[in-house]
Every structure is written in structure tokens, then in C-alpha cells.
Amino acid sequence: MSGEAAVGGGGGEANGVQPNVTIYINNLNEKTKLEELKKSLNAVFSQFGKILEVLAFKTLKHKGQAWVVFEDVASATEALKRMQDFPFYDKPMKIQYAKTKSDVVAKADGTFVPRERRKRTDEKPEKKQKREQHHDVSQGTLGMNAYPGAYGAPPLSQLPFGGGPKVMMPEIIVPNNILFVQNLPHDTTPMMLQMLFCQYQGFKEARMIEAKPGIAFVEYGDEGQATAAMSALQNFKISKDNLMLITYAKK
DNA sequence: AGCACA
């Protein structure tokens, strides 16, 4: 019964490679541009846990491959199992544990030893520009730009009765099989959205509006399916600085 | 196919 997915080399622990916080992915579509590839990988894998880094290179020897570094092995394992053969840019991903420890992990470990790459004499006076960009989002959060029909109280200025009393007229949320997605990074592609939303039943299509970056419409077969996808992906961290905000599209 | 840290 247990069909052994002997996917010709796409193994993992069966390969003699032991679990690692980093997963190694190959069979990636080599046409995808690096930056987009990394963002999409981040989008698709961050559901399994905190991602420390996504690495991919375009050198001949390394194209079609990427490394995703998780914070813990459990996340990596879950990602490996759940996303094995996941159709990504039209090709099923092949995932294994990485063979060696990632630098970012070794650095946290204290076990990092710089490999010989370029003799930069001794230590390089590397500046610690701790530019921790916390919540630098000056307009990205669910604040001012929030969709009027979103959860929570709408701004007083947008009450239906212009200059009326301070009575909060709750906006009625009308379910719709089409979702309205906001706060996307401006370089989000329909493909990235498709990969996220197609995980939920009834997915039909994701469309973006050329003229308006940052928003998208995602259509499902019915309202129930749309609702399930909405709650699953609400506030999904699609990038370091972007939480997706999802509401029903207006009818 | 291909396991790196630009």
C-alpha cells in the first residue's frame, strides 16, 4: 500500500542524508528569474515555519536549485514531506535535506569558519550596520489603507452617512466567491499567488491589476471555498514586510 | 543532473 515514491533520486533520509534545518531543492524551473524564484519559495515555504534564508544561484552548476534555511528541523521536515513534488512553475520540486550546515546557521552556532574564497588578508573590518528594519512599514499595515469592508471598525470618515453621528454603522460583510487581496509586494506575480491559493479547494484563478500593484483578485468555485482559503491565508506573510490582507471582493 | 553561502 505504501507506494514508495522512488522518484529517481528525490529522496531524503533514504538517501543517506540526515535531517537538516536546510532543505535542498532541485528540478526548479531554470527560466525563473532569481529574485522571483526566491520570493516565491519564501511565499510557499514560510507556512512551515520561520525561514532564515533562501539561497539560489544562477551559475551553470547551480541553476535549477535552491536552499531554504528554516529555523528548526521540524519545519524543514514538514516542508520536505508536504511539498515534495509540488508543482512549482510547472515543474515538480524535488526536495532533500541539505548535505551540510548553512553558513547562516553556523554563524548562529558559533561554528562558522570562513572558507577560502578570496584571501582578504585577515579579518575584514566589516561594518555592523544593524539596520534592523522592524516594522518600517509606514503604510503597509492594516492601518490607513485598510479596505473599508475589512474586519474591524471602518474609519469614521468612511461611514455611509456623510457627516452623521458617531454611531458606528457596521459594514455588512457580504461573502463572495471572489477574494480581494491587498498589501502584496509590488513585484508579486500571478504565478506566486496561484501557488499559494491553489492549495485550497475550489481555486479557479488569481488575477492582478496591472494598473494597481499590490492588489489581486482570487476566484473560487463558491463562497465556502473562498472563505476557507481566506481564513487559511489571512495575514499570510508573503514577504518580510508584507502581510496579505484578504477580504471578499465587492459584488 | 547538478549541495552553496557572490
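Residues numbered from 1 in each chain as written. Chains lettered and ligands numbered in written order. Predicted model: local features only at pLDDT ≥ 70, side-chain atom pairs only at ≥ 80, totals over all residues. Heavy atoms only, no water.

Under the annotation held in an unreviewed UniProt entry, chain A carries the name RRM domain-containing protein and is attributed to Brachypodium distachyon. Taken from UniProt, the Sequence similarities (unreviewed entry) comment for chain A reads in full: "Belongs to the RRM U1 A/B'' family." Taken directly from UniProt, the Subcellular location (unreviewed entry) text for chain A runs: "Nucleus". (UniProt positions renumbered as here; feature names shortened; annotations may be inferred.)

A.B. asks: Help me get a handle on the overall build of chain A, residues and values and all.
C.D. replies: Helix and strand counts for chain A stand at five helices and twelve strands. Within chain A, the fraction of its 251 residues that count as buried is 38%. Counting contacts in chain A only where the partners sit at least 6 residues apart, residues at least 24 apart contribute 64% of the total. Carbon and sulfur atoms form 53% of the exposed surface of chain A, whose accessible area is close to 16,300 Å². (Helix = DSSP H or I, 4+ residues; strand = E, 2+ residues; numbered from the N terminus. Buried < 20%, exposed > 50% of the residue type's maximum accessible area, 1.4 Å probe, protein only. Contact = heavy atoms within 4.5 Å. Areas by Shrake-Rupley, 256 points an atom, 1.4 Å probe, with all protein chains shown as cover.)

A.B. asks: Could you give an account of the environment of Asp90, naming the residues involved and the relevant values?
C.D. replies: For Asp90, the position within the fold is in the loop between β4 (87-88) and β5 (91-92). Asp90 gets classed as exposed once you look at its relative accessible area, which sits at 70%. Each C-alpha atom of the pair Asp90 and Leu28 lies 8.9 Å from the other, and the pair is 62 residues apart in sequence.

A.B. asks: Summarise unusual backbone geometry; cite the residues concerned and give the values.
C.D. replies: With the exception of glycine, the majority of residues adopt a negative phi angle, and the majority of peptide bonds are in the trans configuration. We note that Asp90 has phi near 70°; this positive angle belongs to a residue other than glycine. We note that Asn183 has phi near 65°; this positive angle belongs to a residue other than glycine.

A.B. asks: Describe the side chain of Gln65, listing the residues and the values that go with them.
C.D. replies: As for its position among the elements, Gln65 is in the loop between β2 (51-56) and β3 (66-70). Those residues in contact with Gln65 that sit more than four places away from it in its chain are Tyr24, Ile25, Asn26, Leu28, Leu55, Ala56 and Phe57.

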